[in-house]
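Now for the letters of each chain:
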Amino acid sequence: MRALAATLPAITKRALGRRGFAEGGLIVEWPSVVGATIAARCQPAKLSLARPGRHRDGSLMLRVEPGFALELQHLAPQIIERVNGHYGYAAIARLTFQQGPLRAPRRRTAPPPRPLGAAEEAELRRQVADVADDDLRAALERLGRALRQRAGR
């Protein structure tokens, strides 16, 4: 059994590749790359390479809320720096803007975690009983409980 995070790039590569995002990391991590405030007002739409096969000095098209493009132009150097920092090299050299409504993020609610049985709770407490620090023991117990609740679905 493989983790979804390990399988996801292979699944999304073809669909995202049409828009220049051969790896979906920038789209998925957009809020952490540019910050929540900017990410709420624009989304990456297309990544164009300067020359095919050369992954440097490309152009990133951003879908921008109407009225925010002018402000985003002033923030362009910082955004380019952050995106290039995300990639680890000078992947983009310029930004272009496409004004229009943003796609609403899909909101999925996780099913409630299953309750652990008395035997599972006792085993969990036994496993962390040797930890001397109370705060660390409590944190490890919470982590173990969360992992067991999700594994049982």
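Located above this text is the structure these notes cover.
Please read these numbers as outputs of a predicted model, since none were measured by experiment.

Rules used throughout
Residues numbered from 1 in each chain as written. Predicted model: local features only at pLDDT ≥ 70, side-chain atom pairs only at ≥ 80, totals over all residues. Heavy atoms only, no water. Pairing = 2+ DSSP bridges. Helix = DSSP H or I, 4+ residues; strand = E, 2+ residues; numbered from the N terminus. Axes fitted to C-alpha atoms, helices over the stretch in contact; angles between N-to-C directions. Contact = heavy atoms within 4.5 Å. Expected span 1.5 Å × (residues − 1). Buried < 20%, exposed > 50% of the residue type's maximum accessible area, 1.4 Å probe, protein only. Arc of directions from axis to C-beta. Polar contact = N/O pair within 3.5 Å; in protein donor to acceptor, adjacent residues only side chain to side chain. Phe/Tyr/Trp six-rings, centres within 6.5 Å; stacked < 30°, edge-to-face > 60°. Salt bridge = Lys/Arg side-chain N within 4 Å of Asp/Glu carboxyl O.

(A) The arrangement of the sheet that holds strand 3 (residues 92–99) in detail. Pairing in this open sheet of three strands is mixed, and the strands run 1-2-3 from one edge to the other. Looking along the sheet, the strands with just one partner apiece sit at the ends: strand 1 (42–48) and strand 3. Neighbour-to-neighbour, the strand axes of the sheet open up by a mean angle of 30 degrees, direction not taken into account. As paired elements, strand 2 (residues 58–64) and strand 3 share seven bridges and run parallel to each other. Looking across to strand 3, one finds that Arg-63 is bridged to Gln-98. Packing of helix 5 (residues 69–87) onto the sheet brings it into contact with strand 1, strand 2 and strand 3, and relative to strand 3 it is tilted by some 135 degrees.

(B) Local environment of helix 7 (residues 134–151). With 18 residues, helix 7 ought to run about 26 Å at 1.5 Å a step, and its terminal C-alpha atoms sit 26 Å apart, in line with that. Along helix 7, the positions that sit buried rather than exposed are Glu-141, Gly-144 and Gln-149. The buried residues of helix 7 occupy an angular sector of 130 degrees when projected down its axis, which confines them to one face. Summarising the geometry of helix 7, the exposed residues directed more than 90 degrees from the buried face are Asp-135, Arg-142, Leu-147, Arg-150 and Ala-151. Against helix 6 (118–128) lie the buried residues of helix 7. The N-cap residue of helix 7 is Asp-133: its side-chain oxygen and the backbone nitrogen of Asp-135 are 3.0 Å apart.

(C) Representation of the packing of aromatic side chains. Summed over all chains, the structure comprises one aromatic pair. Taken together, a centroid distance of 6.0 Å and an interplanar angle of 45 degrees make the contact between Tyr-87 and Tyr-89 tilted. The partly exposed category is assigned to Tyr-89, whose relative accessible area is 31%.

(D) Summary view of the pattern of salt bridges. Per the stated rule, a full pass over the model turns up seven salt bridges. Across the pair Glu-121 and Arg-145 runs a salt bridge whose closest N-O atoms are separated by 3.0 Å. Taken together, the positions of Glu-121 in helix 6 and Arg-145 in helix 7 put the pair 24 residues apart, joining distant regions of the chain. Taking the shortest distance from any N to any O, the salt bridge between Arg-126 and Glu-123 comes out at 2.7 Å. Residue Arg-126 and its partner Glu-123 are located together in helix 6, separated by three residues, close to a single helical turn. For Arg-126, a relative accessible area of 53% translates into the label exposed. For Glu-123, a relative accessible area of 28% translates into the label partly exposed. Taken together, the shared-partner salt bridges in this structure form one network comprising Glu-121, Arg-125, Glu-141 and Arg-145.

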